[in-house]
Amino acid sequence: MLLLQTIHGHWRWILALVAILLVVKYTLSLIQKSRYEGIDLTLGRVYAGVITAQFVLGVPNVIGKLTGATGVMYRQAWEHVFTGVIITALAHMIVPMTRKRGYLVGLILAVLSLALMFLNVATVRGGWIY
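Calculation criteria
- Here the residue numbering is sequential within each chain, running from 1 through the sequence in written order.
- In view of the model being predicted, local features appear only for residues whose pLDDT reaches at least 70, and side-chain atom pairs are presented and counted only at 80 or more, with totals across whole chains, interfaces and linings using the full set of residues.
- Only hydrogens and water are removed before side-chain values are computed, so all heavy atoms of the structure are retained for them.
- The helix count covers DSSP runs of H or I at least four residues long, the strand count covers runs of E at least two residues long, and both are numbered beginning at the N terminus.
- Residue exposure (1.4 Å probe, protein chains only): buried if accessible area is under 20% of the type maximum, exposed if over 50%, otherwise partly exposed.
- The contact criterion used is simple: two residues touch if any of their non-hydrogen atoms lie within 4.5 Å.
- Under the convention used here, a 1.4 Å probe and the Shrake-Rupley method define accessible areas, while residue burial counts only the protein chains that appear.
- Contacts described as polar in this section are N or O atom pairs within 3.5 Å, which, within protein, must combine one atom able to donate a hydrogen with one able to accept it, while residues neighboring in sequence count only if both atoms come from side chains.
- We place a 1 Å grid over just the protein atoms. Points where a 1.4 Å probe fits but has no way out form a cavity, open points with protein on both sides within 12 Å along at least 5 of 7 lines form a pocket, and any residue with an atom within 4 Å of a point lines it.
- Grid points are joined across faces, edges and corners, and a volume is the space filled by probe spheres set on the points.
- Only Asp, Glu, Lys and Arg are considered charged, only Ala, Val, Leu, Ile, Met, Phe, Trp, Tyr, Cys and Pro nonpolar, and every remaining residue, Gly among them, polar.
- Each helix should span, by expectation, one fewer than its residue count multiplied by 1.5 Å.
- Here an angle of 0 to 180 degrees is reported between the N-to-C directions of two axes, which are lines fitted to C-alpha atoms, with helices fitted over the stretch in contact.
- Throughout this description, any angle smaller than 35 degrees is read as roughly parallel, any larger than 145 degrees as roughly antiparallel, any in the 65 to 115 degree range as roughly perpendicular, and the remainder as oblique.
- When the near helix sits turned anticlockwise from the far one by under a right angle, the crossing is termed left-handed; a clockwise turn instead gives a right-handed crossing.

A. Focus on the overall build of the chain. If you tally the helices and strands in the chain, you get 4 helices and 0 strands. Along the longest, intermediate and shortest principal axes, the C-alpha atoms of the chain span 50 × 20 × 20 Å. Every one of the 130 residues in the chain was classed for burial, and the buried ones make up 38%. For the chain, contacts bridging at least 24 residues in sequence account for 74% of all contacts bridging at least 6. Just so you have it, the chain exposes about 7400 Å², and 73% of that area is on carbon and sulfur atoms.

B. Spatial organisation of the side chain of His-8. Tracing the sequence through the fold places His-8 in helix α1 (residues 2–32). Under the relative-accessibility criterion, His-8 is labelled buried at 15%. In terms of polar contacts, His-8 uses its side chain to reach the backbone amide nitrogen of Gly-58, at 3.4 Å. Leaving out residues up to four positions away in the same chain, His-8 has contacts with Gln-54, Leu-57, Gly-58, Asn-61 and His-80.

C. Inspection of the layout of surface pockets at higher detail. For the largest pocket, the calculated volume is near 490 Å³. Forming the boundary of the largest pocket are 24 residues, of which His-8, Gln-54, Gly-58, His-80 and Asn-120 lie nearest the centre. For the lining of the largest pocket, the class distribution of residues is 11 nonpolar, 10 polar and 3 charged.

D. Helix α4 (residues 103–125), seen in detail. Its 23 residues place the ends of α4 32 Å apart at the C-alpha level, agreeing with the 33 Å of an ideal helix rising 1.5 Å per residue. Looking only at α4, the buried set comprises Tyr-103, Gly-106, Leu-107, Leu-109, Ala-110, Ser-113, Leu-114, Met-117, Asn-120 and Val-121. Taken together, the buried residues of α4 touch α1, α2 (38–67) and α3 (74–101).

E. Geometry of the environment of Arg-45. Note on placement: Arg-45 falls in helix α2. Exposure remark for Arg-45: the relative accessible area of 53% places this residue in the exposed category. The sequence separation of Arg-45 and Ala-91 amounts to 46 residues, and the corresponding C-alpha distance is 8.5 Å. Each residue touching Arg-45, except ones within four places of it in the same chain, is listed here: Val-95 and Arg-99.

F. Quick look at the packing of α1 against α2. Put simply, α1 and α2 touch, their axes get as near as 9 Å, and they point 155° apart. With respect to their mutual orientation, α1 and α2 come out roughly antiparallel. As for how α1 packs across α2, the hand of that crossing is left-handed. A breakdown of the residues in the contact of α1 with α2 according to their chemical character gives 19 nonpolar, 7 polar and 4 charged.

Laid out in C-alpha cells, this is it:
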C-alpha cells in the first residue's frame, strides 16, 4: 500500500510536466491562430492518460484510508476522490472540445483541470510541494 501511495505522490510531477507542455502548446497555437495538428491530439490524449493513471493509482490509497489501513481521513478522502473524478472528466473532454470549439476551450479545460488538481493535492497534503 505504501508503494502505491509513493508512486501516486510522485506521479503528480509527470502529470505537471505534461500539463505544462499542453498549456504552452495550446497557448502558442491560440496566439498564432494555428490549425489543429496531430501533436495537439497526442498531447491531449497523453494528458488524459496520465491523469487517468493518477486516478487509478489513487483508488487503492483511498480504499486504504476509508478502511483505516493508512489513517482515517474520511471527509478528505471522499473530497479527493470526487475532485479526482471531475479532473479526469475534464481531461478527457480536452481533445474533443478542442477539435470542435478551438484552442481557447481546450486551454480553459486544461487550466481548470490544473487548478482543481492543485486544490486536490492541497486538500490531502496541505500543498503541492511537501
